[in-house]
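Coordinate inspection notes
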Amino acid sequence: KSAFSVIKPAPPVEIFHMIKLFQDDKDPKKVNLSVGAYRTDEGKPYVLPIIKKCEKELVNDPKLNHEYLPILGDPQYRKLAMELLLGKDNCAIIEERVLPIQTISGTGAVRVGCDFLAKCMKRRVAYCSNPTWENHFGICRTAGFKKVKGYTYWNPKKRNLAICKLLSELAEAPEGSVVILHASAHNPTGTDPSRKQWKQIAEVMKSRNLFPFFDTAYQGFASGDIDRDAWPVRYFIKEGFELLAAQSFSKNMGLYCERAGCLVLVLNDKKHIPNVASQLTLLVRQNYSNPPAHGIRLVTKVLGCEENRCEWASTVKKMSSRIKEMRKALSEKLVELETPGKWDHIVKQIGMFSFTGLKPQHAEKLINDKHIYMLKSGRINVCALTTKNVEYVAQSINEVVK
Ligand code: PLP
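Residues numbered from 1 in each chain as written. Predicted model: local features only at pLDDT ≥ 70, side-chain atom pairs only at ≥ 80, totals over all residues.

Scanning the protein from N- to C-terminus turns up 16 helices and 13 strands. The C-alpha radius of gyration of the protein comes to 21 Å, within 12% of the 21 Å expected for a compact globule of 402 residues. Projecting the C-alpha coordinates of the protein onto the three principal axes gives extents of approximately 60 × 60 × 55 Å. The buried share of the protein, taken over its 402 residues, is 45%. (Helix = DSSP H or I, 4+ residues; strand = E, 2+ residues; numbered from the N terminus. Rg over C-alpha atoms; globule rule 2.2 N^0.38 Å. Buried ≥ 20, exposed ≤ 12 C-beta atoms within 10 Å, placed from the backbone.)

Our next topic: helix α5 (residues 105–120). The terminal C-alpha atoms of α5 lie 21 Å apart, and with 16 residues this matches the ideal 22 Å at 1.5 Å per residue to within 8%. Across the 16 residues that make up α5, a large majority, 13, are buried. Lys 122 sits one or two positions beyond α5 and adopts a positive phi of about 55°. (Expected span 1.5 Å × (residues − 1).)

Next up on the list: the nonpolar core. Counting residues in each nonpolar core, the largest one holds 116 residues, and the members touching the most others are Ala 126, Val 179, Val 264 and Val 299. Of all the elements, helix α13 (residues 306–336) adds the most residues to this core, at eight residues. Apart from residues no more than four positions distant in its own chain, Val 264 is found in contact with Met 82, Leu 85, Val 98, Pro 100, Leu 244, Ala 245 and Gln 247. (Core = buried A, V, L, I, M, F, W, Y, C linked by C-beta atoms within 7 Å. Contact = placed C-beta atoms within 7 Å.)

Now for the sheet that holds strand β8 (residues 211–216). What the seven strands build is an open sheet, ordered β2-β10-β9-β8-β7-β3-β4; its pairing is mixed. Two strands bound the open sheet, and with one partner strand each, they are β2 (98–104) and β4 (147–152). Each strand of the sheet is rotated relative to its neighbour by a mean of 25°, with strand direction disregarded. As judged from the six bridges shared by strand β9 (residues 243–248) and strand β10 (residues 260–266), these two strands associate in the antiparallel manner. Bridge pairing in β10 places Gln 247 opposite Cys 262. (Pairing = 2+ DSSP bridges. Axes fitted to C-alpha atoms, helices over the stretch in contact; angles between N-to-C directions.)

Attention now goes to the site of the ligand. For the ligand, the set of nearby residues contains 13 residues, the closest of which are Ser 105, Gly 106, Thr 107, Ser 248 and Ser 250. Considering each element in turn, the shell around the ligand owes the most residues, three residues, to α5. Across the shell around the ligand, the residue classes break down as three nonpolar, nine polar and one charged. (Near = placed C-beta within 6 Å. Nonpolar A, V, L, I, M, F, W, Y, C, P; charged D, E, K, R; others polar.)

The buried fraction of strand β7 (residues 178–182) amounts to five of the five residues, a majority that puts the element mostly inside the structure. The two faces of β7 match: Val 178, Ile 180 and His 182 on one face and Val 179 and Leu 181 on the other face are all buried. In this structure, strand β3 (residues 125–130) lies alongside β7, joined through two bridges in parallel fashion. Across the sheet, the residue bridging to Ala 126 is Val 178, located in β7. Pairing of β7 with β8 involves five bridges; the strand directions are parallel. Along β8, the bridge assignment pairs Val 178 with Phe 211.

This part is about helix α15 (residues 360–370). Listed in full, the buried residues belonging to α15 are Ala 363, Leu 366 and Ile 367. The buried residues of α15 occupy one face: seen down the axis, they fall within an arc of 90°. What points out from α15, more than 90 degrees from its buried face, is the exposed set Gln 361, Asn 368 and Asp 369. Buried-residue contacts for α15 involve β12 (372–373) and α16 (390–401). (Arc of directions from axis to C-beta.)

Consecutive residues of a regular strand have side chains that alternate between opposite faces of the sheet. Most of β9 is tucked away, with six of its six residues classed as buried. Alternating residues of β9 divide into Leu 243, Ala 245 and Gln 247 and Leu 244, Ala 246 and Ser 248, and every residue in both groups is buried. In terms of strand pairing, β8 meets β9 through four bridges, oriented parallel. Bridge pairing in β9 links Phe 214 to Ala 245.

On to the UniProt feature "domain: Aminotransferase class I/classII large" (unreviewed entry) in the protein. The sites that UniProt annotates as "domain: Aminotransferase class I/classII large" (unreviewed entry) are residues 29–397. Helix makes up 44% of residues 29–397 and strand 15%, with an end-to-end C-alpha separation of 14 Å. (UniProt positions renumbered as here; feature names shortened; annotations may be inferred.)

Each pair of packed helices can be described by the angle between their axes along with the distance between the axes. Look at helix α7 (residues 163–171) against helix α8 (residues 195–207): their axes get within 9 Å of each other, and the N-to-C directions meet at 15°. One way to sum up the angle between α7 and α8 is to call them roughly parallel. For the element pair α7 and α8, the recorded crossing hand is right-handed. Judged by residue contacts, Ile 163, Leu 167, Leu 170 and Ala 171 of α7 engage Gln 197, Gln 200, Ile 201, Val 204 and Met 205 from α8. Along the lines of polarity and charge, the residues of the contact of α7 with α8 split into seven nonpolar, two polar and no charged. (Parallel < 35°, antiparallel > 145°, perpendicular 65-115°, else oblique. Left-handed = near helix turned anticlockwise from the far one by under 90°.)

Attention shifts here to the packing of α5 against helix α11 (residues 273–285). Following both chains from N to C, one finds α5 and α11 inclined at 115°, their axes separated by 11 Å at the closest point. Where α5 crosses over α11, the handedness of that crossing is right-handed. On α11, the residues that touch Val 112, Asp 115, Phe 116 and Cys 120 of α5 are Gln 279, Leu 280, Leu 283 and Val 284. Here the residues of the contact of α5 with α11 sort into six nonpolar, one polar and one charged.

What follows concerns the confidence of the model for the protein. Residues of the protein with pLDDT of at least 70 account for 100%, and the chain-wide mean is 96. Predicted complex metrics record ipTM = 0.99 and pTM = 0.97. (pLDDT = per-residue confidence, 0-100.)

This brings us to the environment of Lys 157. Of note, Lys 157 is situated in the loop between β5 (154–155) and β6 (160–161). Sequence spacing of Lys 157 and Tyr 77 is 80 residues, and the spatial spacing of their C-alpha atoms is 44 Å.

Okay, here's the thing in structure tokens:
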């Protein structure tokens, strides 16, 4: 008998299961609306031109080698990533009370951050938005919070933010709980709080002494403007919060497999930074020891040169405009086909995703009968729509909901 016979199968990770089904599907009409990755209007993965240019420079740079990076990452990259999120002139940066550490993309930043909060800061309870990127719940549990709870985020009837419930649930959270917030382009709902609502959230969090942990995987994708999308994090700092923020360059630089991320810790007193850094060093050392270099070298080249950075910002704007056009096209086609229900929310939502309101049975039919792959929650990746497939997708949705 094998020692491994005790192992039971784990449930598949829905998104990677969809990718596999999509790859195995031979139908030419197939569309993958599941994975959160940008696509061109030809439905192809997109390597940003500025990344291509910087990659050529890297390959030809005789100074580079494959020595280990420091455990907490490359200092120049960490500084540039921090400045991108907080803004160069942020008071916390000027007062030297920010500690950015390089991580294995956004997921790694969320994981190291949760490990630190649960193990080193002894926080017992973590709150994730309900719904959220499904990995938040799993990471929080694995990190060792005693309780992992959801706070209501979505009103499915009105298809908008359930702000009253959100505020009242946070008002009842045990003091000191960690609250994971999506800084912009909420995954999966495509719906962010307004500035007025963020202020209300900050107020209730302050009154309950809750600890904010921002997840920033889509900076630039909500409004098309890198700085504007960072507003909630900057606002919380202005309001005097200490916080953590998990940053990812997967989406806004198209560096998915390169795992370029950063965990930004904002303290109210710089004297604690050496102790915090020493504990993080141990956490990372015992986990993966040293972060990878290729992706962050590209990010450093882009952010470290004004000309490159401007080109990147304008590409992000273009990507976000294409998404907006696809939202409009899908919603207009559904209305034109007199598809039962209302579809204006597709245009109102922001970022990569639309929370369509389609039910699990609709998703199942789209997958099985129409070769259109999406999540059971009804979330679609709007980036995967193109001028060529949007009509087919609209017709298919129309058929399954009728
Ligand atoms: N956080 C959110 C909300 C996400 O949607 C994602 C990716 O889909 C991530 C974090 C992590 O992405 P990565 O690990 O590729 O940076």
